Amino acid sequence: MARQDTIDNEDKVRLLRALAFQIHRKVPADEALGELLEHESKGGRRRAFRAGVDALAADGFTAAMAALGLFSDDAMVLLGVLADSGDHRLLSSGLGKIADLIEEKNP
């Protein structure tokens, strides 16, 4: 199996939906993201996910999302505000809507 250094749109949607689900269940965002990234990067399967793991450990949730390349710079600012708000429902909903948008643009 070839190693992949980037995350395709299908993986983005899957990751965002899984993250939104865990956050909706009141799992802290950094913990939920850490678990998902650990699972994705097991066995060297995806180096792109490892960058997120490293950024999460060093700089937190928003930095990990930036390292994964899931959002534009403008969207990262909004994600940071949502993450800092402490409202798990708002963050979960935002992540789910972004997953919907990615899926609509890339059927």
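Residues numbered from 1 in each chain as written. Predicted model: local features only at pLDDT ≥ 70, side-chain atom pairs only at ≥ 80, totals over all residues. Heavy atoms only, no water.

**Q** Which parts of the structure should I look at to understand the nonpolar core?
**A** Side chains of a nonpolar character, in soluble globular proteins, are inclined to be buried together. Counting residues in hydrophobic clusters, the biggest one holds 30 residues, and the most contacted among them are Leu19, Leu33, Met65, Leu68 and Leu95. Among the elements of the structure, helix H1 (9-24), helix H2 (29-41), helix H3 (47-59), helix H4 (61-68), helix H5 (73-85) and helix H6 (88-105) are those that each provide at least two residues to this core. Here this core gets six residues from one element, more than from any other, and that element is H1. (Core = buried A, V, L, I, M, F, W, Y, C linked by side-chain atoms within 4.5 Å. Buried < 20%, exposed > 50% of the residue type's maximum accessible area, 1.4 Å probe, protein only. Helix = DSSP H or I, 4+ residues; strand = E, 2+ residues; numbered from the N terminus.)

**Q** Can you walk me through H3 in this structure?
**A** Since the α-helix advances by 3.6 residues per turn, residues separated by three or four positions end up pointing in the same direction. Helix length check: H3, at 13 residues, gives a terminal C-alpha distance of 18 Å against a target of 18 Å (1.5 Å per residue), a fit within 8%. For H3, the full list of buried residues reads Ala48, Phe49, Gly52, Val53, Ala55 and Leu56. At its buried positions, H3 is contacted by H1, H2 and H4. Residue glycine 60 follows H3 closely and has a positive phi angle near 105°. (Expected span 1.5 Å × (residues − 1). Contact = heavy atoms within 4.5 Å.)

**Q** So what exactly am I meant to see when it comes to H2 here?
**A** For H2, with 13 residues, the first-to-last C-alpha span of 18 Å sits near the 18 Å given by 1.5 Å per residue. Residues of H2 that are buried: Ala29, Ala32, Leu33, Gly34, Leu36, Leu37, Glu40 and Ser41. Contacts made by the buried residues of H2 are with H1, H3, H4 and H6.

**Q** What is the right way to read the pattern of salt bridges from this model?
**A** Evaluation of the coordinates by the stated rule reveals five salt bridges. Of the charged contacts, one joins arginine 14 and glutamate 40 as a salt bridge, the two residues approaching to 2.5 Å between their closest N and O atoms. One end of the pair, arginine 14, is in helix H1; the other, glutamate 40, is in helix H2, and 26 residues separate them in sequence. For glutamate 40, a relative accessible area of 8% translates into the label buried. (Salt bridge = Lys/Arg side-chain N within 4 Å of Asp/Glu carboxyl O.)

**Q** Just to check I follow, could you spell out the packing of H4 against H5 for this structure?
**A** When two helices pack together, their arrangement is captured by the angle between the axes and the distance separating the axes. H5 packs onto H4 with a crossing angle of 150° between their chain directions and a minimal axis gap of 9 Å. Our classification of the angle between H4 and H5 gives roughly antiparallel. Pair H4 / H5 crosses with right-handed handedness. Residue-level contacts link Phe61, Thr62, Met65 and Ala66 of H4 to Met76, Leu79, Gly80 and Ala83 of H5. (Axes fitted to C-alpha atoms, helices over the stretch in contact; angles between N-to-C directions. Parallel < 35°, antiparallel > 145°, perpendicular 65-115°, else oblique. Left-handed = near helix turned anticlockwise from the far one by under 90°.)

**Q** Help me understand the environment of glutamate 103 in this model?
**A** Looking at the element boundaries, glutamate 103 is found in helix H6. Under the relative-accessibility criterion, glutamate 103 is labelled partly exposed at 41%. Separated by 93 residues in sequence, glutamate 103 and glutamate 10 have C-alpha atoms that sit 7.8 Å apart. Discounting chain neighbours no more than four positions away, the residues touching glutamate 103 are Val13 and Arg17. Reaching out from glutamate 103, the side chain makes a polar contact with the side chain of arginine 17 at a distance of 2.8 Å. (Polar contact = N/O pair within 3.5 Å; in protein donor to acceptor, adjacent residues only side chain to side chain.)

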